[in-house]
Amino acid sequence: MSQSELSIDLAALVSNWRALNALTDCETGAVVKADAYGLGADRVAPALAAAGARCFFVALAEEGAALRRILGDGPDICVFSGHMAGDAALIRDADLVPMINSIDQMSRHVEALPDARFGVQLDTGMNRLGMEPAEWTALREVVLNQPPVLVMSHLACSDEPDHPMNAQQLQSFLEMTDGIDAPRSLSATGGTLLGRDYHFDLTRPGIGVYGGLPFIEAQPVARLTIPVIQTRELTPGETVGYGNTWMAEAPARIATIAAGYADGIIRAMAPDAYVWAGEHKCKIVGRISMDLIGVDISHLPEDPDTVELLGVHQSVDTLADAAGTIGYEILTSLGNRYARRYVGG
Ligand SMILES: *Cc1c(COP(=O)(O)O)cnc(C)c1O
């Protein structure tokens, strides 16, 4: 079998969520947008619900409707993109909580679903989603007639604890929400680690639950094991892969492994990336192909059957560094060609 295996450790996932929850005295939600960061909302969300998560966040109403089918009645499902044109039926039927981002969205919501719940997203400086201070001032009294389920904002630089933007956004959030009677939320994983001032009533961790930075203590959740299809000896001067970009300078032994950029293994990482064969670190050589990658196994005592790209030896963030990206992109890029196995659930 040449199918690679993506194993997802639900026990590690739940333990990461609990560890983040233990850092605060407030409620801890869970962000499961983009199919739970690529790891499978149908398994991840129920595991977190069983651990006590009562408030889930998705990006789109469609994701929210799918999540409602997975979770059933009970947990709150909040939608970051708010109430977009055409969303009313989804919001009503799946009992979603749109995070209202603008006066337009507020009007749309009240007109279509006058009695339906909603939350409010405020822009405290990231300039991505949410109402700006002036818009919020204009709408505030009207909105607060029917209290929102949640009033939230999002930090732009929370992965850098010393960045002045954190305190600036905190100040702005405090000013914008002063005196309101609704639960408040400011922090994702990074903000949760910034301390009590940033916690308010609910935190919204995503990446830390999935084993990524900035939650340094996170346990790895994803393990990616790739079969070796073939091994061969190279003599000095022979090359590997498209474009002849790697040449053996000494006699070498090369393994060809069964995954590639079509599986989300970013092609640009090749010059800096490694896989692990047991306790041995092995360099990726040559270009990453669509379905295949060359690996230098010259130093191994015997040919491995499989190698590991993600796991205890190599985190999503180490791999992200090689690709010049972040752990989030590594996880959400993992394709659907893997045999997925859930353990510890
Ligand atoms: C994605 C997202 C989160 C979760 O962020 P992490 O950094 O993954 O913890 C929280 N809030 C908002 C608004 C988001 O878009």
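Below: a short report on this structure. Note that the structure is a prediction, hence the values are computed from the model and not measured.

Here is what the cut-offs are and how they apply
Residues numbered from 1 in each chain as written. Predicted model: local features only at pLDDT ≥ 70, side-chain atom pairs only at ≥ 80, totals over all residues. Heavy atoms only, no water. Helix = DSSP H or I, 4+ residues; strand = E, 2+ residues; numbered from the N terminus. Buried < 20%, exposed > 50% of the residue type's maximum accessible area, 1.4 Å probe, protein only. Contact = heavy atoms within 4.5 Å. Areas by Shrake-Rupley, 256 points an atom, 1.4 Å probe, with all protein chains shown as cover. Arc of directions from axis to C-beta. Phe/Tyr/Trp six-rings, centres within 6.5 Å; stacked < 30°, edge-to-face > 60°. Near = heavy atom within 4 Å. Polar contact = N/O pair within 3.5 Å; in protein donor to acceptor, adjacent residues only side chain to side chain. Salt bridge = Lys/Arg side-chain N within 4 Å of Asp/Glu carboxyl O. Axes fitted to C-alpha atoms, helices over the stretch in contact; angles between N-to-C directions. Parallel < 35°, antiparallel > 145°, perpendicular 65-115°, else oblique. Left-handed = near helix turned anticlockwise from the far one by under 90°. Nonpolar A, V, L, I, M, F, W, Y, C, P; charged D, E, K, R; others polar. Core = buried A, V, L, I, M, F, W, Y, C linked by side-chain atoms within 4.5 Å. Domains from an automatic or database assignment. Pairing = 2+ DSSP bridges.

## Some points on the overall build of the chain
- Within the chain one finds eleven helices and 19 strands.
- Seen through its principal axes, the chain has C-alpha atoms that stretch 75 × 40 × 35 Å.
- For the chain, the residues scored as buried account for 52% of the 345 residues in total.
- Restricting the contact set of the chain to residue pairs at least 6 apart, pairs at least 24 apart contribute 63%.
- Element-wise, carbon and sulfur atoms account for 50% of the exposed surface of the chain, whose accessible area totals about 15,500 Å².

## Here we look at helix α6 (residues 103-112)
- All buried positions along α6 are accounted for by Gln 105, Met 106 and His 109. Along the axis of α6, the buried positions cluster into a sector of 100 degrees, meaning they face one direction only. For α6, exposure combined with an orientation more than 90 degrees from the buried face picks out Asp 104 and Glu 111.

## Re the packing of aromatic side chains
- Counting across every chain of the model gives four aromatic pairs.
- Ring centres of Tyr 37 and Tyr 328 lie 6.1 Å apart, and the angle between their planes is 35 degrees; this geometry places the pair in the tilted category. In this pair, Tyr 37 is assigned in helix α2 (residues 33-37) and Tyr 328 in helix α11 (residues 327-333), connecting sequence segments 291 residues apart.
- Relative accessible area serves as the criterion here: at 34%, Tyr 328 is assigned to the partly exposed category.

## Quick word on the site of the ligand
- Taken together, 14 residues lie near the ligand, and Lys 33, Tyr 37, Thr 189, Ile 207 and Tyr 328 sit nearest.
- Thr 189 has a polar side-chain atom sitting 2.5 Å from an oxygen atom of the ligand.
- Protein coverage of the free-state accessible area of the ligand, which is 390 Å², stands at 92%.

## Points about the environment of Leu 96
- Its place among the elements puts Leu 96 in the loop between α5 (88-93) and β6 (97-100).
- Overall, the relative accessible area of 2% leaves Leu 96 in the buried class.
- With 44 residues separating them along the chain, Leu 96 and Arg 140 place their C-alpha atoms 22 Å apart.
- Not counting the four nearest positions on each side in its chain, Leu 96 is found in contact with Ala 61, Gly 64, Ala 65, Ile 77, Val 79, Leu 90, Ile 91 and Arg 117.

## Here we look at the pattern of salt bridges
- A complete count under the given rule lists ten salt bridges for this structure.
- With a shortest N-O distance of 2.6 Å, Glu 308 and Arg 223 are connected by a salt bridge. Of the two residues, Glu 308 is situated in strand β18 (residues 306-310) and Arg 223 in strand β11 (residues 222-234); the sequence distance between them amounts to 85 residues.
- Overall, the relative accessible area of 11% leaves Glu 308 in the buried class.
- Residue Arg 223 is classed as partly exposed on the basis of its relative accessible area of 41%.
- Between Asp 263 and Arg 337 there is a salt bridge, and its shortest N-O distance comes to 3.0 Å. In this pair, Asp 263 sits in the loop between β14 (252-257) and β15 (274-277) while Arg 337 sits in the loop between α11 and β19 (339-343), placing the two residues 74 residues apart along the sequence.
- By relative accessible area, which is 3% here, Asp 263 ends up buried.
- When its relative accessible area of 39% is taken as the criterion, Arg 337 is described as partly exposed.
- Within this structure, Asp 76, Asp 95 and Arg 117 form a network of salt bridges that share partners.

## Some details on the packing of helix α3 (residues 41-51) against helix α4 (residues 61-71)
- Following both chains from N to C, one finds α3 and α4 inclined at 60 degrees, their axes separated by 10 Å at the closest point. The angle between the axes of α3 and α4 places the two elements in the oblique class. Classified by chirality, the crossing of α4 by α3 is right-handed. Here Ala 41, Asp 42, Ala 45, Pro 46 and Ala 49 of α3 come into contact with α4, specifically with Leu 67, Ile 70 and Leu 71.
- Broken down by class, the residue content of the contact of α3 with α4 amounts to seven nonpolar, no polar and one charged.

## What about the nonpolar core?
- Membership of the largest hydrophobic core comes to 82 residues, with the highest contact counts inside it found for Leu 48, Phe 56 and Tyr 210.
- With seven residues, α3 is the single largest residue contributor to this core.
- A domain split of this core shows at least three residues from each of domain 1 (10-210) and domain 2 (222-343).
- Excluding its chain neighbours within four sequence positions, the residues that come into contact with Tyr 210 are Leu 13, Val 31, Val 32, Ala 36, Tyr 37, Leu 39, Val 44, Val 221 and Leu 331.
- Core analysis: the next-biggest nonpolar cluster, separate from the first, contains 19 residues, Val 120, Leu 122, Leu 155 and Phe 173 among them.

## Some remarks on the sheet that holds β6
- Strand order in the open sheet formed by seven strands is β3-β4-β5-β6-β7-β8-β9, and the pairing between neighbours is parallel. If you trace the sheet from one side to the other, it starts and ends with β3 (30-31) and β9 (184-185), each paired once.
- The pairing of strand β8 (residues 151-152) with β9 spans two bridges and is parallel. Within β9, the residue paired with Met 152 across the bridge is Ser 185.

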